[in-house]
Each structure stands twice: as structure tokens, then as C-alpha cells.
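Topology and contacts: notes
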Amino acid sequence: MKKKYNFKGGIQCISIKKDPREYFLNYLPDPEKFFIYIKYSHFKKNRLRVKVGQEVLCGQPLTFGDDLIVPVHSPTSGWIKNIYFNPKSSDKNQEKIKIVILSNHLNKWIRLKTIKNYKTYTPQSLIKIIYQSGIVGLGGAQFPSSKKLTLSINKVHTLIVNGIESEPCMTADYCLMQNYINEILIGCKIVAWISKVKDILIVIQEDKTELILKIQKIIENKQLFKLCIIRKKYPGGSSKILIKSLTGKEIPYGKHSIDMGYLVFNVATIYAIKRSIINGEPLIKRIVTLYNKDKNILSKNFWVKIGTPIHFFLNYLKIDSNLNTLIYSGGVFMRYLIVNLNYSIQKNMNCIYVKKNKKNKKKIEYPCINCGYCVHACPVNLLPQEMFLYCKNSDNQKLKQLNILDCIECTVCEKVCPSNIPLVKYFRIGKKIQKNIDIENDRKKLFSSLFRKREKRLLIEKKIFYSKDQISNIKKLDIFSRTQEKEENNSINQKIIEKSLRKEMLKEAIKRAKLKR
Ligand code: SF4
Ligand code: SF4
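Cut-offs and rules
Residues numbered from 1 in each chain as written. Chains lettered and ligands numbered in written order. Predicted model: local features only at pLDDT ≥ 70, side-chain atom pairs only at ≥ 80, totals over all residues. Heavy atoms only, no water. Salt bridge = Lys/Arg side-chain N within 4 Å of Asp/Glu carboxyl O. Buried < 20%, exposed > 50% of the residue type's maximum accessible area, 1.4 Å probe, protein only. UniProt positions renumbered as here; feature names shortened; annotations may be inferred. Helix = DSSP H or I, 4+ residues; strand = E, 2+ residues; numbered from the N terminus. Contact = heavy atoms within 4.5 Å. Pairing = 2+ DSSP bridges. Axes fitted to C-alpha atoms, helices over the stretch in contact; angles between N-to-C directions. Near = heavy atom within 4 Å. Nonpolar A, V, L, I, M, F, W, Y, C, P; charged D, E, K, R; others polar. Expected span 1.5 Å × (residues − 1). Bend = angle between axes of the 7 residues up to and from the residue. Core = buried A, V, L, I, M, F, W, Y, C linked by side-chain atoms within 4.5 Å. Phe/Tyr/Trp six-rings, centres within 6.5 Å; stacked < 30°, edge-to-face > 60°. Lys NZ or Arg CZ within 6 Å of the ring centre and 35° of its normal.

1. Re the pattern of salt bridges
Under the definition given, this model contains 14 salt bridges. Measuring nitrogen to oxygen at the nearest pair gives 3.4 Å for the salt bridge that ties Lys 244 to Glu 250. Looking at Lys 244, the relative accessible area reads 29%, which means it is partly exposed. If you follow the salt bridges from partner to partner, you end up with Glu 183, Lys 274, Arg 275 and Glu 281 in one network.

2. Concerning the UniProt feature "binding site: [4Fe-4S] cluster 1" (unreviewed entry) in the protein chain
The positions that UniProt labels "binding site: [4Fe-4S] cluster 1" (unreviewed entry) are, in the present scheme, Cys 368, Cys 371, Cys 374 and Cys 417. These annotated residues cover 50 residues of sequence, and their C-alpha atoms lie no more than 10.7 Å from one another, placing them together at a single site. Within the secondary structure layout, Cys 368 lies in the loop between strand E17 (351-356) and helix H8 (373-377). Discounting residues that sit within four places of it in the chain, Cys 368 has contacts with Gln 385, Phe 388, Ser 419 and Ile 421. One can find Cys 374 in helix H8. With relative accessibility at 10%, the residue Cys 374 sits in the buried group. Once residues within four sequence positions are removed from consideration, Cys 374 is found in contact with Pro 384, Gln 385, Cys 413, Val 416 and Leu 423.

3. Thoughts on the sheet that holds strand E14 (residues 300-305)
Taken in spatial order, the 6 strands make up an open sheet running E3-E14-E13-E17-E15-E16, and their pairing is mixed. The two strands at the open ends of the sheet, each matched to only one other strand, are strand E3 (25-27) and strand E16 (335-337). Each adjacent strand pair in this sheet contributes to an overall mean axis angle of 35°, direction not counted. Sheet topology places strand E13 (residues 285-292) next to E14; 6 bridges connect them, and they run antiparallel. Bridging across to E14, Val 288 finds its partner in Phe 302.

4. Concerning the site of ligand 2
By nearness alone, every residue bordering ligand 2 is listed as Cys 368, Ile 369, Asn 370, Cys 371, Gly 372, Cys 374, Gln 385, Cys 417, Pro 418, Ser 419 and Ile 421. Of the residues in the shell around ligand 2, the class split is 7 nonpolar, 4 polar and no charged.

5. Things to note about helix H3 (residues 172-195)
Its 24 residues give H3 an end-to-end C-alpha distance of only 27 Å, which falls more than 12% under 34 Å, the value for a rise of 1.5 Å per residue. Remark: the principal bend of H3, roughly 95°, maps to Tyr 180. The positive-phi residue at the C-terminal boundary of H3 is Lys 196, with phi of around 60°.

6. Observations concerning the nonpolar core
Judged by nonpolar contacts, the single largest core of 53 residues is most densely connected at Leu 149, Leu 159, Leu 176, Ile 273 and Ile 277. Elements represented by at least two residues in this core include exactly helix H1 (123-132), strand E8 (158-162), H3, strand E9 (199-205), helix H4 (209-218), strand E10 (225-230), strand E12 (262-266) and helix H6 (267-278). Broken down by element, the residue count for this core peaks at 14 residues, all from H3. If near-sequence neighbours (up to four positions away) are discounted, Ile 277 is found in contact with Thr 114, Ile 115, Tyr 118, Leu 126, Ile 129, Ile 130 and Ile 190. Core analysis: the next-biggest nonpolar cluster, separate from the first, contains 20 residues, Ile 310, Phe 313, Ile 319 and Ile 338 among them.

7. Comments concerning the packing of aromatic side chains
Enumeration over the complete set of coordinates arrives at 9 aromatic pairs. A ring pair is formed by Tyr 180 and Tyr 271, whose centres lie 5.0 Å apart and whose planes are at 50°; its orientation type is tilted. Of the two residues, Tyr 180 sits in helix H3 while Tyr 271 sits in helix H6, which places them 91 residues apart along the sequence. When sorted by exposure, Tyr 180 lands in the same class as Tyr 271, which is buried. Look at Tyr 234 and Phe 333: their rings are 3.9 Å apart centre to centre, the planes differ by 10°, and that puts the pair in the stacked class. Of this pair, Tyr 234 sits in strand E11 (residues 233-234) while Phe 333 sits in the loop between strand E15 (325-330) and E16, and the two are 99 residues apart along the sequence. Given a relative accessible area of 2%, Tyr 234 falls into the buried group. An aromatic cluster of three or more residues is present, and its members are Tyr 180, Tyr 271 and Trp 303. One residue, Lys 98, lies across the ring of Phe 35, its end atom 4.5 Å from the ring centre. A cation over a ring is seen here: Arg 335 above Tyr 328, with NZ or CZ 4.4 Å from the ring centre.

Shown next, in the form of C-alpha cells:
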């Protein structure tokens, strides 16, 4: 019996039904129009590589990217219909640049550069390819994978391949592993080659028995790989909790898993890295689970191209997207409402969650009864009950002492609270204030250090000035003394001359007097 890793707290979730449809992959056809959203804050207009009316091919880069944002690629062949610059959008689902691409449904690709033996390339050149392929963390973080890999070189010893989907309705990663496990293992080797890790841990949950057997069989004789099975609990997929369950080590706020020697990648990201290096494909599609709560249908998984409008996805599945339907990105526990159905599938969207809007069923919030359920359930050892109290009283000092910034907003405490207190809502506000205080403190520190530096600089300048002045004074004195000396010498000479002149005059006068006699 293989060891099962566990973590404190969390919520026990029901296992998904063993149905072959769970990992049957469907393909969504191309919509008429694709909407590519790009954040403007990190972006400048001149970073665009296309203009309105231009023809584009599948996989063609639309932007150059920069330090914080990777290039974005066209998911289809067709032409650019419009580019909207929308910096003052009030809709939080709207990113700042919207590129509308009209598809010609031919899916003509750009020429792809494939690599047969990645070991003949340096880690830096492989990282460059990963950057140019637009790969970001597909587990939800959207952090550029190239940056993560650059930071990890010679700093990490273990690669953790995160195959955990603790949200009960999500099966996208499970589906990917069932269908593409061999490609994922190649992706693992590429990452291991780049970051020089010595161990690769593939982590999956205990209920995926079929997949466990499959992976065990494949990695049987492979030294580098190890399969780790974790208990089916929410929120096991968070990298902090994952490292805590596997190693017992805690990552403090402000630190990254790389600082502790662990490089964590989601399985979908590893798969995308393999496709980019070996097949030359940029990231233009991902697997998305569609979960319709009220129809109680099984989750379905689709290959969906990035930029596919949400309304097209729902219409294709004949899901009514009227006012009584709520559409979320995320799962049962962590999700955000999609207000505008013109918004499209993004790289970090792994699940679309649909449910009816039950207006009458509003939860009433009762006072805290100090039952302590939330404290037992918190997977990161926080004290939600006390945090709630200090959030209400705006006691920021106490909130800092309680490490509110370590809260991963998993909503577990909220789900177990018998008083229906929307704890996470309070924590989000508390965290925002804490972050602002931290930013303010950092700014104050920066300003005071700058001020101290300025003072120091002025002091040195003053010293130099005075020392210079002294030097010049000495010089002046020196010159003065020399001129004085000269003058004195001159006057002495003058006196001597005068004396001699007077002597001579006296001699001549004596001569003249002698002659007269
Ligand atoms: S939301 Fe925060 S406080 Fe609540 S259980 Fe999760 S980590 Fe703990
Ligand atoms: S679970 Fe709710 S009622 Fe119980 S202590 Fe926590 S906040 Fe209070």
C-alpha cells in the first residue's frame, strides 16, 4: 500500500464518478470571431505586431510581450477585424486591449520550428522558446513559465508536477493526464534538463485509481520519477499546501517555493512546455471543464481555443445564458462571476461553472458563536475567527500579527461556518489594507533611505567643498605669502638701492664741494 500524504484542515470532497465520459475529450469548433484580451497596464501600443485588416495565421504572434507579459498568439487563421484600446473600462472582466480576429475556418498554421533533441540546446535557449510560445502557469496563476524557469536554474532540487484538482467539479487536468501522460513525462524531462532537478514528484489524488495504476506502470523503471498520492481533500492543489503535505515545510508569506528548492508546475503547463519545445506550438488552446450544476450533468471536458467567447461556448452546448443563469470561472469553492459573456476563454480558465440564480435563497448572516469550526478547517493554520473580529474592528496591527496575508482565500472556513459569515469577504478587505500598509511602509522606508542618502551626499559634497576651499585658501595664502615675500624683498632691494643711491649722491656732493674749494 503506497503512502498517502495528507494535510491539516480542509474539506473532505466526494470522489468523482468513475465514468469514461470524464476523460473523453471533446473539441469545440472555431467561432466566427475570437476576442483576445491583453492587459494594458503592462503593455504599450507599440508592442502590438498586427494592425487592423492584416491577415494572420494560426500561432502567429500578435504582440511582442515584455518583462511581465508573454507574447500572445492568434488562435486561428483569418484577419484582424478590429483592435480596441479600452483603458477606462469599468468592467473588471474586460482586459485593456481587445483584438478581434475573424476566422476563415482554414486553421492554416505558421511554420513551426520543431526540436528533436532538446539536450543539444542550452537551458537559456529553451527558456527563450518557452517565452516566445506564450506559456504561463495554467493552474490559475498565469505567471510566465519562462520567468519561473529562469529563477529556478541551479536553485531547485525537486520538480513537483501538480496533478491535483481538489475542486470537486473540475476534471480538466485528470482528463489531460489520462490522454497525454507520455507527453507530460517528456515535458517533465525537459523542465528537469533546464532547471537541473534531481527528483520529479508527480502528485495526484487517491481517488484517481485508474490513473495511478497507469502512471505507476509507465514510471516503473524510471529513476527520476516518483508518484505521490495525496488524500482527496480541498484545497490540496495550492502549491503551499502541496509542499507542506509532501515535505512538512511551510513557505512563509513573501517567499516562493523556489526559495525552498522546489519547482512546482501544473500538469497542463508541463504539457504546454512539451508542445512548445518538441512540436514548436505556441499556447493557443487548453482543456476546459464545463460544469452545469442545476442540470446535474457530468463534467465535460473540451479543447477550447484561447479567445473563444464564453457565449459561443455556452450556445454550442445549448446552455441558456439568460439573466437567471450565473456563469462563473472557477469551481464550487473558488470562482469569480463572469459579468460580460463577450469575455473569452483565458489561459488560466480551467472550469466554467454554470448555475441558476436563486434570488429568494439568500443566506442570512448570524453573529459568531465561537464554535471554532473555522479554526479546525483552515489548512494553513490561521485563526479565521479572530481575523474576522479584527477585520470588523479594522485592527490592522493585530491582523498583521495573525498573518492574514498567508490566507489563500480557499473559502473552507466560510463553508464550515454555521453562522453563514462571509469570512473571505472580510479577509479580502483586510488583506488589501495590509498590502497597502506594507506598500506604504516600503515606500516610507525607500523615501527615508533616499533622504538619508541625499543627506550623506550633501555632507560629503560640503566636506569636499570646504576641503577644496581650504586648499584654495592655502593656495591663496601661499600665493599671498609669496607675493608678500616678493614685495618685502622688493622693498628691501629698494631700500638697499636707495641707500646706495644716497651714498653715491653723498659721494658726488663731497666731490663737488672739494672742487669748489
Ligand atoms: S480562507 Fe483563509 S482563513 Fe479561511 S480557511 Fe482558507 S486560508 Fe484559512
Ligand atoms: S465557524 Fe463561524 S461561528 Fe464558528 S467560530 Fe468561526 S466564524 Fe465564528
